[in-house]
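Close look at the chain arrangement
Residues per chain are reported as follows:
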Amino acid sequence: MTVLKEKVNTDSKALVQDDETKHLLSRSLRYLKAGYPIHFNGPSGTGKTSLALALAKKRKRPVMLIHGNHELNNRDLIGDFTGYSSKKTVDNYVRSVYKKDESVTETWRDGRLLEAAKNGYTLVYDEFTRSHPTTNNIFLSILEEGVLPLYGSKLTEPYIRIHPKFSVIFTSNPLEYAGVYETQDALLDRLITIPLGYKAIEQEAAILVGKIGIEEEEAQAITTLVANLREKCLKESRSGPSLRSSLMIARLASEEDIPIDGNDEDFQVLCTDLLTYTVSECMEAEHSEEEARNLILESCVEHV
Ligand SMILES: Nc1ncnc2c1ncn2[C@@H]1O[C@H](COP(=O)(O)OP(=O)(O)OP(=O)(O)O)[C@@H](O)[C@H]1O
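The notes below deal with the structure included here. Computed from a predicted structure; not experimentally measured.

Let's talk about the site of the ligand
- Taken together, 18 residues surround the ligand, and among them Ser-44, Gly-47, Lys-48, Thr-49 and Ser-50 come closest.
- Mapped onto the shell around the ligand, the elements with two or more residues apiece are helix H2 (48–58), helix H8 (201–212) and helix H10 (243–255).
- Here the residues of the shell around the ligand sort into five nonpolar, 10 polar and three charged.

Given below as C-alpha cells:
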C-alpha cells in the first residue's frame, strides 16, 4: 500500500512549472475544490503523474496513490478479511469450577479507496484505464451519490458516506495503448478530462535544466533531437521517445561526463542505447534496428 503524506515531494524541483503548467494547476485545483474529479489524459511521458501528484499536494491533505492494473479488484479498493483472531479465557480460580470462554473474530483491513474516502484524502488513481471497467464501476456511486458501497465485504453497514474533503485525480493513456480498457461513458461523463500533449522543445528543455542542471543550450539540443525522432514516430501513429528519454540522456551525460555533442562517439553510443528500441518500433519490421540507429546518428549530428 502506498500512502504519501504531505512530506513527500518536498523537492521544489520535483515539478518544473512554466506559466502554462501553473495555470493548468490552478484551474484544476479550483475544479477539485468545487468537488469535480480531474482526469489527465495523454501519451506516455507527458507528465500526467507528476502533474497529478503536484496537484494532489496542493490540496494539503494526505495523498493516497493507486496504480491501475487488470488484477485490481474490489478487495484491494474496499478491503478484505485478512484472517482470524481468537481470544480464550480459562478461569480455574476456584478449583472445583472450570470456566472456558472462547471467541473468534475475523480481522478486517481497509482497502485503499475505503481508507482514502473515509478520511478525506486526495486519491491519485494513476493509469486507471489499466483496471477492468467493472472494477472502476465503484467510482460511479462515489462521484454521483457520495457513498462508497461496501458490496461483497460482509460488513454490517451497506455503504459509507464519503468524507467531504475526499477528492480524486485520475490519469490515463490514450485508448490505443496496449493494456488499456475503454472507460464507461457514465464514468467519463462525471470527470473533467484535460488532454495533455507533448510540450514544446523549449518547455521540455526548461525541465531538463531545472531537474538535471545542464546548460540551456545543451538541454535544447537534447530535446530537439528527441522531439525530432518523436515526430517521425508520430507519423507512423506510434508515440516514440518522450521527455523521459531526454531526461535519461541528460542525466547520464551529466553524471558520466559525456560531452553533449552529436559528433562525440560516447554521446552517440548513449543516444543509440537509449533510443534505438523505441525508434525501431516505428520502423518497417525488416532491418528496423539498423534503420533506427542510422536515423538517431543522423539526428545527433544534425541537432546536437
Ligand atoms: N513539469 C515537469 N517538471 C519536472 N519533471 C517532469 C515534468 N513533467 C514530466 N516530468 C518528468 O518526466 C518524466 C515523465 O513524467 P510522468 O511519469 O509524470 O509522465 P506520465 O505522462 O505519467 O507517463 P506514463 O503515462 O508513462 O506514466 C518523469 O521523470 C517526470 O519526473
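Concerning the environment of Ile-296
- With respect to the element layout, Ile-296 can be found in helix H12 (residues 288–303).
- Through-space distance from the C-alpha of Ile-296 to that of Pro-43 is 22 Å; in sequence the pair is 253 residues apart.
- Setting aside its immediate chain neighbours within four residues, Ile-296 contacts Leu-229, Cys-271, Thr-272, Leu-275, Thr-276 and Val-279.

Looking at the nonpolar core
- Formed by 33 residues in total, the largest nonpolar core has its most connected members in Ala-52, Leu-113, Ala-117, Leu-123, Val-124 and Ile-169.
- Counting residues per element, this core draws most heavily on H2, at five residues.
- Within the second largest apolar cluster, 27 residues are counted, among which are Ile-201, Ile-207, Ile-212 and Ile-296.

Observations regarding the pairing of strand E3 (residues 63–67)
- Buried residues dominate E3, accounting for four of its five residues.
- Of the pairings in the sheet, the one linking E3 to strand E6 (residues 122–126) comprises five bridges and is parallel in character. Bridging from a neighbouring strand, Val-63 pairs with Thr-122 of E6.

A short note on the pairing of strand E9 (residues 167–172)
- Most of E9 is tucked away, with six of its six residues classed as buried.
- The side-chain alternation of E9 yields two buried faces, one formed by Ser-167, Ile-169 and Thr-171 and the other by Val-168, Phe-170 and Ser-172.
- Where strand E2 (residues 38–41) lies against E9, four bridges are found, and the strand directions are parallel. Paired with Ile-38 across the bridge in E9 is Ile-169.
- Here four bridges tie E6 to E9, and the two strands are oriented parallel to one another. Bridge pairing links Leu-123 to Val-168 in E9.

Some thoughts on H12
- A rise of 1.5 Å per residue sets the reference length of H12, with its 16 residues, at 22 Å; its end C-alpha atoms lie 22 Å apart and thus fit the reference within 8%.
- Listed as buried for H12 are Ala-292, Leu-295, Ile-296, Ser-299 and Cys-300. One side of H12 holds all its buried residues, which, seen down the axis, span an arc of 140 degrees. Facing away from the buried side of H12 by over 90 degrees, the exposed positions are Glu-290, Asn-294, Glu-298, Val-301 and Glu-302.

Conventions adopted
- Residues numbered from 1 in each chain as written.
- Predicted model: local features only at pLDDT ≥ 70, side-chain atom pairs only at ≥ 80, totals over all residues.
- Near = placed C-beta within 6 Å.
- Helix = DSSP H or I, 4+ residues; strand = E, 2+ residues; numbered from the N terminus.
- Nonpolar A, V, L, I, M, F, W, Y, C, P; charged D, E, K, R; others polar.
- Contact = placed C-beta atoms within 7 Å.
- Core = buried A, V, L, I, M, F, W, Y, C linked by C-beta atoms within 7 Å.
- Buried ≥ 20, exposed ≤ 12 C-beta atoms within 10 Å, placed from the backbone.
- Pairing = 2+ DSSP bridges.
- Expected span 1.5 Å × (residues − 1).
- Arc of directions from axis to C-beta.

The quantities given are spatial measurements derived from coordinates; they are silent on function.
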